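# Residue-level structural notes
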Amino acid sequence: MDLASIFIYDTTWAFAAEILIRVTVMFTLIILFLRFTGKRGVRQLSIFELTIILSLGSIAGDPMFTEDLPIIQAVLIMSTVILLYRLCTWTMMKYQPFEDLLEGRARYIVEDGLLVLDKIKQGEMSHDEFFAEMRQQGVEHLGQVRTGLLETDGEFSLLLYPPDKIGYGLPLFPKQYQAVDQIEHGIYYACMYCGYVDYLSNPNQLCQRCENDGKKWAKALNSKIVR
């Protein structure tokens, strides 16, 4: 057994320096890719923890079975990634604008039972994804939600109205989230684009809040939260 071949093989000082440059560039590219594609995290993993997992995904396993990949190169890569991670977290602690640039800020998605219009128009949220998150927390319609916040790690935080403050809101479950063809007088309807609630004179009426061209309305609900 040639231990020198296992740990060093043909690694030179020049190639070790090249590894440091490669790791730094790829680490930066992964962060930028995740940041500018709108990725905020995976459940309790932050964008940096996700970056480490992606960066070390192959280098941790390849040296176990690849003959011409010495362990010293894996050690260099892992050490560089950890140093870059420490440098980024230290910089974020010292400079708030740097943290906001890389990880973003918590964003309001729902305010007073209505979807926040600028987030919808900028394509920063998906109706289906957000509705699924609220359904999993036992929310039936937007009238039950006072505030909905998208955290930097991708989690949703909700503040709900007390039972006596719940109003009419856009339904979140598929069977109720359906566009109506006929209007019934004396019934509230919710815009399927922004959640605005109003009486209608016809099913093609424009929403006063978002002027949605889709002109789609669903029957609004005002049911209480069931736990």
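For the structure given in this document, a descriptive report is provided here. Small disclaimer: the values here were computed from a predicted structure and weren't measured. (Residues numbered from 1 in each chain as written. Predicted model: local features only at pLDDT ≥ 70, side-chain atom pairs only at ≥ 80, totals over all residues. Heavy atoms only, no water.)

What follows covers the sheet that holds strand β7 (residues 217–219). The strand order across the open sheet built from three strands is β6-β5-β7, with neighbouring strands paired in antiparallel fashion. Lying at the two open borders of the sheet, with one neighbouring strand each, are β6 (197–198) and β7. Pairing between strand β5 (residues 189–191) and β7: three bridges, direction antiparallel. The residue of β7 that forms the bridge with Ala 190 is Ala 218. (Pairing = 2+ DSSP bridges. Helix = DSSP H or I, 4+ residues; strand = E, 2+ residues; numbered from the N terminus.)

As enumerated under the stated definition, the model contains four aromatic pairs in all. Where Tyr 168 meets Tyr 188, the ring centres are 4.6 Å apart and the plane angle is 40°; that geometry is what we call tilted. Linking Tyr 168 in the loop between β4 (156–160) and β5 with Tyr 188 in the loop between β4 and β5, this pair joins segments that are 20 residues apart in sequence. Look at Tyr 188 and you get partly exposed, because its relative accessible area is 28%. (Phe/Tyr/Trp six-rings, centres within 6.5 Å; stacked < 30°, edge-to-face > 60°. Buried < 20%, exposed > 50% of the residue type's maximum accessible area, 1.4 Å probe, protein only.)

Right, let's talk about the pairing of strand β3 (residues 145–150) for a bit. Counting buried positions over the six residues of β3 gives five, a clear majority of the element. Strand direction decides the pairing type here: strand β1 (residues 107–111) and β3, joined by four bridges, are antiparallel. Residue pairing for β3: Glu 111 is matched across the bridge by Thr 147. Pairing of β3 with β4 involves five bridges; the strand directions are antiparallel. Residue Leu 149 lies in a different strand from β4, and its bridge partner there is Ser 157. The turn joining β3 and β4, which pair antiparallel and follow one another in sequence, is formed by five residues; a positive phi near 90° is taken by Gly 154.

Let us look at the side chain of Thr 80. If you trace the backbone, Thr 80 turns up in helix α5 (residues 71–94). The contacts of Thr 80, once residues within four sequence positions are left out, are Leu 20, Val 23 and Thr 24. (Contact = heavy atoms within 4.5 Å.)

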